[in-house]
Structure formats: structure tokens, C-alpha cells
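Below, each chain spelled out in residue letters.
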Amino acid sequence: MDAVKQSHSSPTDELDDSQKPHAPKSTSAWTWLNFLGDVSQSEVDVLLLSTAFKFLLFPAYRSTDFEVHRNWLAITHSLPISQWYYDTTSEWTLDYPPFFAYFESLMSIPASFIDPKIVDLQNLQYDAWTVIAYQRLTVIISELVLGAALLRFIRVSVDPSRQRILSASLFLHPGFLMIDHIHFQYNGFMFGILLWSILMACEGRKLASGILFAVLLNFKHIYMYLAPAYFIYLLRSYCMSPAGAIIPTRFISLANSVLLVFLASLGPFVLMGQLPQLLSRLFPFTRGLNHAYWAPNAWALVTAADRVLLQLVKHLDVGLVVNESGIASTSRGLVGDTVFAVIPNIKPIHTFIITIIFQMVYLIKLWSAPTYKSFVAALTLCGYASYMFGWHVHEKAILLVLVPLTLLASENYAYYKTFVIASVAGIFSLFPLIFTPAETLLKIVYSVIWGGMILYPLHKQLYEFPSSLPWVLLESFENAYLYGFAFLQAFVTLFPIMTGGNPDTEFLPLMATSVYCAVGLVWSFIRLSTLYIIQQY
């Protein structure tokens, strides 16, 4: 792998005031955003153009998540808090932590004035234009939390021009466009909180970083996959001296701050004796290893290998025992328990142990090198390990990898190439979420334009010719893999037409997408793990 070089940038807490970058002065009408620094005209243009484009997506395809969030508006507006986590009027019960429920309750107030039917608990599957416009608009407005964090990253960077590319890549990311503005969720808002937390760590404000992450955990518990990296980083760099001694005042202040956040979130439900009910909503353990569409991780490759072995057993006398119950279990991506036909079955405890083992490798490194850059890399890898080996991982969880990985993309060419492979594979893995004909061309064209605007400029700045023949061959294979996505898209588009929608093969395009994307994501996971372990901090 390419030799790891020193970073092109460093967190501002490692600089004195005379070295810290300052944004160029601007006479923009947007100078009321003084806490972000002077906002340039180009930044305003990106905001306005992207917002206008998102407005055009209001009539686009909406997943069932749209009705999920409308129902949560109704639950939190129409029912007392004591009934929020018990209501079963709709199948889309409330299963996010309390801070998100409070967030929905807040959004339900203007919704009730705009159209009272939006917050009518019995008005299931309501899809009037008022609710469509309102909910789409709340995503756009809440996403400004992300935009503000990305602007601040530019202001504190020692290389603002390069950071501007990275910030634009996240604000305009195809993942956010597909998942939030078409499919419908609030990932931009919540990843905005995550980036503000990381930014606080970058600026040396580690107590604020920990508080913000605690807040984030109480918005969506999926971020607990990142918690081990936060725990080690804050303990080692904030609560302990360089010699390894605990600093009691800092430890107590951090512990109390985090405790207060959780009390504000969970306190009312603890007092009502509803904590077990709340936890049962947050952590359902009745799902199988794979999601309906196999998230492109290590288990997707294992599942595909089981399918291949099953075919070998059927056509060749190889002496392998077949589990009859596993023949149909993973062939159509069912959500229930995944049962393999040939390979021994994977249980939740297996995925947990494997994930912990990989995370421990990164956490040991972070403990020995508790710097900001080491923290971001370990944070990314903790999320990546959870995505690779977790139980019932959803494909949307790839954002847990791609967002923090973007912050590392400009370190050097080795990190950049890892970022490219993960980004292309990760973004393509989200394409099956948007399966309607009207949006198919949109997601492809938008992603290609994004790649041209983001990946090409970074490539020009960071490219290093491989130092030896093996690295030349490796990069050739990597490039060939990336070009292969064009052929994969052609196959996914044409195969159903050529087979006439044959039900026996209808899952094949999804399986091909999952397996091909998994190859790239597993490889980029190996690359990033190696880079982190060998790099000196």
C-alpha cells in the first residue's frame, strides 16, 4: 500500500493564534452568520442552488419512512408522553430515542396549524400536498445544522481550499440526497450534530465534543457504534494527563455532563417506569443476519458464498450436507432469520465478538496515540467494523463510514484512494433504495456529476505515481474495479428486461449489486485499517 505521509492539515488546537487560518473578508449579505466566519458568495450559491434542487424533489418517490415520520408527528402531538412508546395505532411505532421524539413533537406544532390532518393519529397514509411539502421542508431546514458545521470546518482548516472541496462533498453528497430528500429521513441533521462534535474535538473543546455526542446518541442510537472511539479518546486525552494520571475535575465534569444529557432524555420515562418498554422499542432482536437487500458487507459475501456452494452441491457430488431450511432463507433477501444452506449459521453473538475484536485493535492504537487525527481515523474504523460485521445491518448505515472518512480524504493519496473506493461502492450500494423509473436516471447523473466535481479536483492535488510494479498492478486492479460499476449498472438495468421479470431470477440484480459493492467496501476497510495501524501520530 502507498506509504503513509504526514497530513496536509492539522487541528487548530495544535496551532497558536498566529498560525490559525482566517477566512477572507466578505461583504456578503449573509454576514449575520458571524459565528461561522464570513460567508463567501460561492458558499451562498451552493446553499441556494442545492436548496432549489431539493425543492424540485418534493414530488419525487417517497418510501414508507415518510409515513413513519408523519405518524410520529401525530403520536407526539396527539398523545401524552406516557403513551408515546406504547401506541400501536399504526404499524410504524415510535422506535427512536426520546430526543428525536421531542424533535418530532416540536415539528408537530407548526404542522398542526398548517394542516391539522397531519397530526391526526387515525389519519393513516395521509399524503396530501401539505404534508409532503411540510415534511420535505423540515428535512431541508434541519440539514442546515450539517451545513453550518461544514462551513466551520473550512474556517478552522489550515488548507481552506481543500477543505472547501470536502465540505461541499458532504453537503452535496448523493447519499444524503437519496436517503433524505427522496427516500426520506433526517440523516443530514443528525450527521450535522456528529460533525459539530468532531469539530469541537478539532478545536480542543473536548468537553463540548462529548456532550454533543451524548446528545446525538439520544437522537438515534445507531451512533453507539462510534461510542468506543469517543470513550477512549475523551478518557485518554481529556480526563488523563500525558503521564496517564486521572484528572478528577475533568473526569467528573465529563461524567456529569453526559449523565445530565441522558437524564434529560430518559428521565421522564424512568420516572414513569417505562424504561424497559422504551428499550424494547429501540433494540428489537427478532431480525435476521441480513436485511431484505443484503447490505454490502462481509456477511453479504458469506451469504453469496453459501448460495454458490449450494449450487455446487446440487450439481456436483461434493459430499457437503445441506440444511433444507436454508435453501430459501437467503435467496430472496427475506427479513426474518437468515439460515445458511451449507455454511454454518451466524448468530448475533458471533457478529458481536468479531466486531469487538476489530474495534479493540483500533482502540488500542487510539489509546497510545490520542490525537485528533488518530481519533477521526479510529472513529471511522469503529463505524466501519460495525458495518462490516454487525447484525442486520441496513445499507443506509454506510453513511456512518462515508461521512467521517471524508474528513481523512485529503491526508494523502493513500487515504484519498481508500475514500474513492469506499465512496463509489457505498453510493452505488444505495441505488436500490431508489428503484422508481423517474428517479433512476436522476440518481445516476447526480452521482456522476458529484464524482466529477469532488473526486477529480482532489485527485489532481493528491495523486502520486505508484512507487513499484506491485503497486502499479494493484492500482490498475482498483481502477478496473471502479470502471466495473458502469457494467454493473448496465446489467442491473437490462437484466430484468432480458429475462422478462422472471421471478426465479428477480433477486439476482440486487445480489450482484450487494456482492460487487461488498468487494470494494471490504477492500477499502482493509486499506483504511492498514493505513491507521502503520501511521505514526
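The rules we used
Residues numbered from 1 in each chain as written. Predicted model: local features only at pLDDT ≥ 70, side-chain atom pairs only at ≥ 80, totals over all residues. Heavy atoms only, no water. Helix = DSSP H or I, 4+ residues; strand = E, 2+ residues; numbered from the N terminus. Buried < 20%, exposed > 50% of the residue type's maximum accessible area, 1.4 Å probe, protein only. Contact = heavy atoms within 4.5 Å. Areas by Shrake-Rupley, 256 points an atom, 1.4 Å probe, with all protein chains shown as cover. pLDDT = per-residue confidence, 0-100. Polar contact = N/O pair within 3.5 Å; in protein donor to acceptor, adjacent residues only side chain to side chain. Patch = residues over 30% accessible without salt bridge, like charges linked within 9 Å, V, L, I, M, F, W, Y side chains within 5 Å. Salt bridge = Lys/Arg side-chain N within 4 Å of Asp/Glu carboxyl O. Expected span 1.5 Å × (residues − 1). Phe/Tyr/Trp six-rings, centres within 6.5 Å; stacked < 30°, edge-to-face > 60°. Lys NZ or Arg CZ within 6 Å of the ring centre and 35° of its normal.

## Re the overall build of the protein chain
Then, in step 1: A count of helices and strands for the protein chain gives 20 helices and 0 strands.
Then, in step 2: The burial tally for the protein chain puts 54% of its 537 residues in the buried class.
Then, in step 3: When contacts within the protein chain are restricted to residue pairs at least 6 apart in sequence, those whose partners lie at least 24 apart make up 77%.
Then, in step 4: Element-wise, carbon and sulfur atoms account for 69% of the exposed surface of the protein chain, whose accessible area totals about 23,200 Å².

## Concerning the confidence of the model for the protein chain
Then, in step 1: Of the residues in the protein chain, 89% have a pLDDT of 70 or more, and the chain-wide mean is 89.
Then, in step 2: pLDDT under 50 marks residues 1-30. Its contacts with residues more than four places away, or in other chains, come to 65 contacts.
Then, in step 3: Note on residues 331-335: pLDDT under 50 across the span, and 19 contacts to partners over four residues away in sequence or across chains.

## Some details on the side chain of Lys417
Then, in step 1: Here Lys417 is to be found in helix H17 (residues 413-429).
Then, in step 2: Reaching out from Lys417, the side chain makes a polar contact with the side chain of Asn479 at a distance of 2.9 Å.
Then, in step 3: In contact with Lys417, not counting residues within four places along its chain, are Glu475, Glu478, Asn479, Leu482 and Arg527.

## A short note on a nonpolar patch on the surface
Then, in step 1: Among the surface-exposed residues, Ile349, Phe352, Ile353, Ile356, Ile357, Phe358, Met360 and Ile364 lie close enough to one another that they form a single nonpolar patch of about 740 Å² accessible area.
Then, in step 2: One can find Ile364 in helix H14 (residues 348-368).
Then, in step 3: Residue Ile364 is classed as exposed on the basis of its relative accessible area of 56%.

## A few points about H17
Then, in step 1: Over its 17 residues, H17 extends 24 Å from the first C-alpha to the last, a length consistent with the 24 Å expected when each residue adds 1.5 Å.
Then, in step 2: The element H17 is extensively covered by neighbouring structure, given that 16 of its 17 residues are classed as buried.

## Section: the packing of aromatic side chains
Then, in step 1: One pass over the structure, following the stated rule, counts 38 aromatic pairs.
Then, in step 2: Relative to Phe189, the ring of Phe103 has its centre 4.7 Å away and its plane inclined at 15 degrees; by these criteria the two rings are stacked. With Phe103 in helix H3 (residues 98-114) and Phe189 in helix H8 (residues 187-202), the pair connects residues that are 86 residues apart, well separated along the chain.
Then, in step 3: The exposure class of Phe103 is buried, given its relative accessible area of 13%.
Then, in step 4: Look at Phe189 and you get buried, because its relative accessible area is 10%.
Then, in step 5: Geometrically, the ring pair formed by Phe213 and Tyr230 is stacked, given 3.9 Å between the ring centres and 15 degrees between the ring planes. Here the residue Phe213 occupies a position in helix H9 (residues 206-217), and Tyr230 occupies one in helix H10 (residues 227-237), the gap between them amounting to 17 residues. Each member of the pair Phe213 and Tyr230 is classed as buried.
Then, in step 6: One residue, Arg62, lies across the ring of Phe66, its end atom 5.2 Å from the ring centre.
Then, in step 7: In this structure, Lys365 packs its charged tip against the face of Tyr532, placed 5.8 Å from the ring centre.

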